[in-house]
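Report on the structure
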Amino acid sequence: MAETVVVPVAEHTGAPRVVARDLTYGYRRDVPVLDGVDLDLRPGEVVALTGPSGRGKSTLLYLLAGLLRPWSGTVRLDGVDLGELADAERSLLRARTCGFVFQDVVLDPRRRILDSVLEPARYAGHPPKRWVPRALGLLESMGVALQADARPGEVSGGQAQRIGVCRALLMEPGVVFADEPTGNLDHASAEAVLDALDGAARRGAVVVIATHDDRVVDRCTSRVVLS
Amino acid sequence: MRPAAILGEAWSSALASRAFSILFGGLAGAVVLAVVLLTAQVQAQRESVRVAFEREQFRTVVLVDNQDKGVLPPEMPSRVSSLSTVTRAWSSSEAFEVSNGSLAEGARASAHMLEADWSRLPITLTSGRLPNGPDEAVVDDGSAAALGIDSTGGWVHDDLGRAWSVVGSFVPDHERAPRSVLVPWSGTTPPRSVTVVAGSAADVDATVSSAAGLADVTGPTDLTVERSTDAAAIGGDVRSTVEAWAVVIVATVMGAGVLVLGLLSLLMVHSRRQEFGRRRALGAGRGAIVGLVVAQGVLVIALGAVAGAAAGSAVGWALWAQLVDPSLLAALVVATVALAVSAQVPSAVLAGLRDPVRVLRTA
């Protein structure tokens, strides 16, 4: 079972956007991975979830994103208790409020890169066409604009992860969750990804990154250590 | 997701998953094609059975004065012929024997006197002509051979000394057509029987009632009606049996198709588990995932079913000159889509219920 230590690195003001209270969860009955986690994450904060493997970094990420229901405790996103929402409401809230960067990018292998980036707009109930200029702008800013019409099999791992970040940032989310976003990247690609996440935080988003990478931890404004 | 977005996504997925789309659509198309072809073939068989039992011999009814009470008036054929359901009628005397007048000793053959419009009798002349008067006769080929009368003609006489010149020979057109030696009616004796040919098999019952109403019947046993009821019943039975088997085959084909579609759908959902996990993580609700799987199935299967219906109609026309009723085709396509959707629901629900975290952690 993990212990949680919150280490603030920089001061953040304003009402917390993500509030977790007494979160407990495990994958096997009576074996909690997380027990009694409390968090307050404010706009502009870049939080690193760190700790050895198996201590629940990704699990905490999924709980905060509403992908898992805690055994006990609550998660509030912009004041909304995720536990009180039905699946459809929670999914819509996630689509409109959250961005997700997966450890393995998980792009649709059958679609163009641009269509993959536009995917969150569909779930948020917006016509994807309206978001094409922003998607192209994000791809441009991440240096992968030339791949907009390519298929996932035609891009490198580093390019794919940058594309995953574009997808996560498309809807200008208030909260960005990233699970080991630089795990398999070279230095330049990792820097590009972190710059983009920093940019989102500067615009007021909460960025939560589960990571082992010290480069990432060093750039975060606070750290949650699961040990 | 909005319904239009789900449809758009479903269409994109259908295009992207070409192998499954071809399998789904192809299977639905093959099922519909098979059912349409079966339907066309059954229609052709039904039509062929109907035509077979629509032949004149099955439309012919014989009213017999079996107790010789004279219940059949001599003018009955002309009166019956005026009925709208009757195509022709003739009356016949009781059979009597004739022999070849040119031979001292010879075989004998049966003969009948007929009251009829001779030109409309169901017989085909093989030589000579029809009688012009009461002293002329025609002989069927079998009786001519038995009596020793050749195509050059001859004459026949009975034991009462009546004689008739044989002016032609014929073959009966069917089993219930007049046969033997036929001579025009003479005298005032009431006919022994009246034969009536209805316009169609469906008119036979009405024809029997109408014709019987013209007879001077006083009791239920005065008149015997001979008709091909057994043949008609057999025809109906054959049609019913063909239809029943068709229904069984259609149900089997549809059932097997639904089963295979359900299994294919499960396979598809399993192969796309990572995709559904990603969609869920990015904000797609369970309902959207279920709708996506079902809508993709509906689009592909509907296309396949329509193509199968079109191909089946074309082949059915080419093979049996049968067009299946368009409303039946539409119902078949709708039923196929409905059944296919119901077959997909379990796998769609499974896709919706799949834990996205488990998928993402094991991707």
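Residues numbered from 1 in each chain as written. Chains lettered and ligands numbered in written order. Predicted model: local features only at pLDDT ≥ 70, side-chain atom pairs only at ≥ 80, totals over all residues.

Per an unreviewed UniProt entry, the recorded name for chain B is ABC3 transporter permease C-terminal domain-containing protein, and the organism is Knoellia flava. Recorded in UniProt under Subcellular location (unreviewed entry), the annotation for chain B is "Cell membrane". Looking at the Sequence similarities (unreviewed entry) heading of the UniProt record, one finds this comment for chain B: "Belongs to the ABC-4 integral membrane protein family." (UniProt positions renumbered as here; feature names shortened; annotations may be inferred.)

Under an unreviewed UniProt entry, chain A has the name ABC transporter ATP-binding protein and belongs to Knoellia flava.

**Quick notes on the overall build of chain A**
A count of helical and extended segments in chain A gives seven helices and 10 strands. Within chain A, the fraction of its 227 residues that count as buried is 51%. When contacts within chain A are restricted to residue pairs at least 6 apart in sequence, long-range pairs at least 24 apart make up 73% of them. (Helix = DSSP H or I, 4+ residues; strand = E, 2+ residues; numbered from the N terminus. Buried ≥ 20, exposed ≤ 12 C-beta atoms within 10 Å, placed from the backbone. Contact = placed C-beta atoms within 7 Å.)

**So, the overall build of chain B**
Helix and strand counts for chain B stand at 10 helices and 11 strands. Within chain B, buried positions represent 40% of all 363 residues.

**What to know about the environment of B:V71**
Residues and elements named next belong to chain B. Tracing the sequence through the fold places V71 in the loop between β1 (60-64) and α3 (76-81). V71 sits in the buried class, given 21 other C-beta atoms within 10 Å. C-alpha separation for the pair V71 and S193, spaced 122 residues apart in sequence, amounts to 9.6 Å. The contacts of V71, once residues within four sequence positions are left out, are D65, A215, D216, V217, D222 and L223.

**Here we look at helix α4 (residues 132-141) of chain A**
Residues and elements named next belong to chain A. Taken residue by residue, α4 has A135, L138 and L139 as its buried positions. Along the axis of α4, the buried residues cluster in a sector spanning 100 degrees; they form a single face. Buried residues in α4 make contact with α3 (113-123) and α5 (157-169). In the segment just after α4, G143 is the residue with positive phi, at about 75 degrees. (Arc of directions from axis to C-beta.)

**Observations concerning the nonpolar core**
Membership of the largest hydrophobic core comes to 122 residues, with the highest contact counts inside it found for A:L197, A:V207, A:V208 and A:I209. It is helix α8 (residues 286-320) of chain B that provides the largest number of residues to this core, a total of 12 residues. Here A:V207 is in contact with A:V46, A:V47, A:V176, A:A178, A:L197, A:A200 and A:A201, once residues within four sequence places are set aside. The next biggest cluster of nonpolar side chains, apart from the first, holds 39 residues, and it includes B:V61, B:L114, B:I149 and B:V204. (Core = buried A, V, L, I, M, F, W, Y, C linked by C-beta atoms within 7 Å.)

**Examining the UniProt feature "transmembrane region" (unreviewed entry) in chain B**
Residues and elements named next belong to chain B. Taking the numbering used here, the UniProt-annotated feature "transmembrane region" (unreviewed entry) corresponds to residues 20-40, 244-267, 288-321 and 327-353. Between the end C-alpha atoms of residues 20-40 the distance is 30 Å, and the span holds 100% helix and 0% strand. With 100% helix and 0% strand, residues 327-353 has its two end C-alpha atoms placed 38 Å apart.

**With respect to the interface of chain B and chain A**
Contacts between chain B and chain A engage 20 residues on the former and 23 residues on the latter. Of all the secondary structure elements, the ones that give two or more residues to the side of chain B that touches chain A are α1 (3-16), α7 (273-282), α8 and α10 (356-362) of chain B. Looking at the side of chain B that touches chain A, its residues break down into 10 nonpolar, four polar and six charged. (Nonpolar A, V, L, I, M, F, W, Y, C, P; charged D, E, K, R; others polar.)

**Quick look at the pairing of β1(B)**
All names here are of chain B. The pairing of β1 with strand β10 (residues 193-198) spans five bridges and is antiparallel. By the bridge assignment for β10, V62 is matched with T195. In terms of strand pairing, β1 meets strand β11 (residues 224-226) through three bridges, oriented antiparallel. Paired with L63 across the strands is V225, a residue of β11. (Pairing = 2+ DSSP bridges.)

**Re the packing of α3(A) against α4(A)**
All names here are of chain A. Between α3 and α4, the shortest axis-to-axis distance is 10 Å and the interhelical angle comes to 115 degrees. Of the two elements, α3 crosses α4, and the hand of that crossing is right-handed. Along the contact surface, α3 presents L114, V117 and L118, while α4 presents V132, A135, L138 and L139. Class assignment for the residues of the contact of α3 with α4 results in seven nonpolar, no polar and no charged. (Axes fitted to C-alpha atoms, helices over the stretch in contact; angles between N-to-C directions. Left-handed = near helix turned anticlockwise from the far one by under 90°.)

**Details of the environment of A:A178**
Residues and elements named next belong to chain A. Position of A178 relative to the elements: it lies in strand β8 (residues 175-179). Among the residues examined, A178 registers 30 C-beta atoms within 10 Å and is labelled buried. For the pair A178 and V207, spaced 29 residues apart in sequence, the C-alpha separation works out to 7.6 Å. Here A178 is in contact with V101, L197, V207 and I209, once residues within four sequence places are set aside.

**Overview of the sheet that holds strand β2 (residues 18-25) of chain A**
Residue and element names in this part refer to chain A. One open sheet holds the four strands; their spatial order is β3-β2-β5-β6, and the pairing between them is antiparallel. Each having just a single partner strand, β3 (34-41) and β6 (80-81) make up the two edges of the open sheet. Two elements, β2 and strand β5 (residues 72-77), share five bridges in a ladder whose sense is antiparallel. Across the sheet, V19 pairs through a bridge with R76, a residue of β5. On the sheet, helix α1 (residues 57-64) packs against β2, β3 and β5 and is oriented at approximately 125 degrees with respect to β2.

**Overview of the pairing of β5(A)**
All names here are of chain A. Summarising the sheet, β5 and β6 pair through two bridges and their orientation is antiparallel. Within β6, the residue paired with R76 across the bridge is D81. In this antiparallel pair of consecutive strands, β5 and β6, the connection spans two residues, and D78 shows a positive phi of 50 degrees.

**Considerations on the packing of helix α2 (residues 18-52) of chain B against helix α9 (residues 326-353) of chain B**
In a pair of packed helices, the angle between the axes and the distance between the axes together describe the arrangement. Residue and element names in this part refer to chain B. Orientation of α2 relative to α9, taken along the N-to-C sense of each, is 145 degrees, at an axis distance of 11 Å. Between α2 and α9 lies a crossing whose hand is right-handed. Contact residues: α2 offers A28, V31, V32, V35, V36 and T39, while α9 offers L328, L329, L332, V333, T336 and A340. Residues that form the contact of α2 with α9 fall into these classes: 10 nonpolar, two polar and no charged.

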